[in-house]
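Architecture at a glance
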Amino acid sequence: MSKVYQIATIDSNNIPHVRSHVSRGILYPKGSPSLPILLTSTDIRTAKVTQMLSNSRVELAWWMEGSQEQFRVNGRAYIIPPPSHPFHTMQSFPPGSSLEKLTQRGADDSDYTTSEGGYDWEKKRREVFNAMSPGMKASWATPPPGTVLKSYDEANSWPSTLPRLEEADNDEDRKTLEYALGNFALVLIDPLEVDWVQLGIKPNRRTKFTRNESLGDGDEWTEEITIP
Ligand SMILES: Cc1cc2nc3c(=O)[nH]c(=O)nc-3n(C[C@H](O)[C@H](O)[C@H](O)COP(=O)(O)O)c2cc1C
């Protein structure tokens, strides 16, 4: 499976923006295998975060080279920032959304279950960060993304690697890790429509799935075959 998809957002001036993201997995609320939530990550200081907070509707395009399939997933994006970040209080999961279900019921993966039976987002955020390569971890310790540089050479003064959280053995690394983790956010996409194109079969096939959300366990996907 390809690890990279492109997520499109719309900013507050109705201008579209698209960028590549690495898939960091798919989460399912406990007992709901038909409610996948796509997980990726970002820097809380990037433009996409402000765009997602002002308009949570996004679309992502995921091309599977091997099987020649395209998935276009339209849904709502949510940001999981550090608990102390001001963005933390700016979003709530809509009643009936997969994210509300996951947050309340936890996931099938019990590693992230809180003592109340819900989902431990902060543990997940720290673990996704910790699993990044040393070079990737350091990318959250730069000055704010998008800042104009006078010279490319400035980048040589930034940290180039960071250890795992439990392996930091000096104050400088601990401080830099804390700063990096403070910029690290999870991005979740809760799908509402999926447009699936199969180019690996002849004739090509296109299927549209639409989700009807339900407060309880009655979420249903309807399926229609359409002309590619
Ligand atoms: C292959 C590839 C994978 C990427 N993965 C991510 C990612 O997972 N998260 C992320 O924030 N940016 C990722 N980026 C960088 C983004 O595409 C984008 O340049 C950056 O996040 C700034 O986007 P924004 O200004 O629209 O917020 C990736 C870029 C490439 C080329």
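Residues numbered from 1 in each chain as written. Predicted model: local features only at pLDDT ≥ 70, side-chain atom pairs only at ≥ 80, totals over all residues. Heavy atoms only, no water.

**A short note on the site of the ligand**
Near the ligand you find Arg19, Ser20, His21, Val22, Thr40, Ser41, Thr42, Thr46, Ala47 and Lys48, and these make up its full shell. Here an oxygen atom of the ligand sits 2.9 Å away from a polar atom, N or O, in the main chain of Val22. Notes on the ligand: free accessible area 630 Å², of which the protein chains cover 55%. Those elements that provide at least two residues to the shell around the ligand are β2 (16-22), β4 (37-43) and α1 (47-54). Sorting elements by how many residues they give to the shell around the ligand places β2 first, with 4 residues. Residues belonging to the shell around the ligand are distributed by class as follows: 2 nonpolar, 6 polar and 2 charged. (Near = heavy atom within 4 Å. Polar contact = N/O pair within 3.5 Å; in protein donor to acceptor, adjacent residues only side chain to side chain. Areas by Shrake-Rupley, 256 points an atom, 1.4 Å probe, with all protein chains shown as cover. Helix = DSSP H or I, 4+ residues; strand = E, 2+ residues; numbered from the N terminus. Nonpolar A, V, L, I, M, F, W, Y, C, P; charged D, E, K, R; others polar.)

**Points about the nonpolar core**
Among the nonpolar cores identified, the biggest contains 25 residues, and Leu27, Trp121 and Leu188 are the most heavily contacted of them. Of all the secondary-structure elements, those providing two or more residues to this core are β4, β6 (69-80), α2 (98-105), α3 (121-130), α5 (171-183) and β7 (184-198). Ignoring anything within four residues of it in the chain, the contact list for Trp121 reads Leu27, Ile80, Phe93, Leu99, Leu102, Thr103, Leu186 and Leu188. Counting 18 residues, the second-largest nonpolar core is a separate cluster that includes Ile7, Met52, Val58 and Leu60. (Core = buried A, V, L, I, M, F, W, Y, C linked by side-chain atoms within 4.5 Å. Buried < 20%, exposed > 50% of the residue type's maximum accessible area, 1.4 Å probe, protein only. Contact = heavy atoms within 4.5 Å.)

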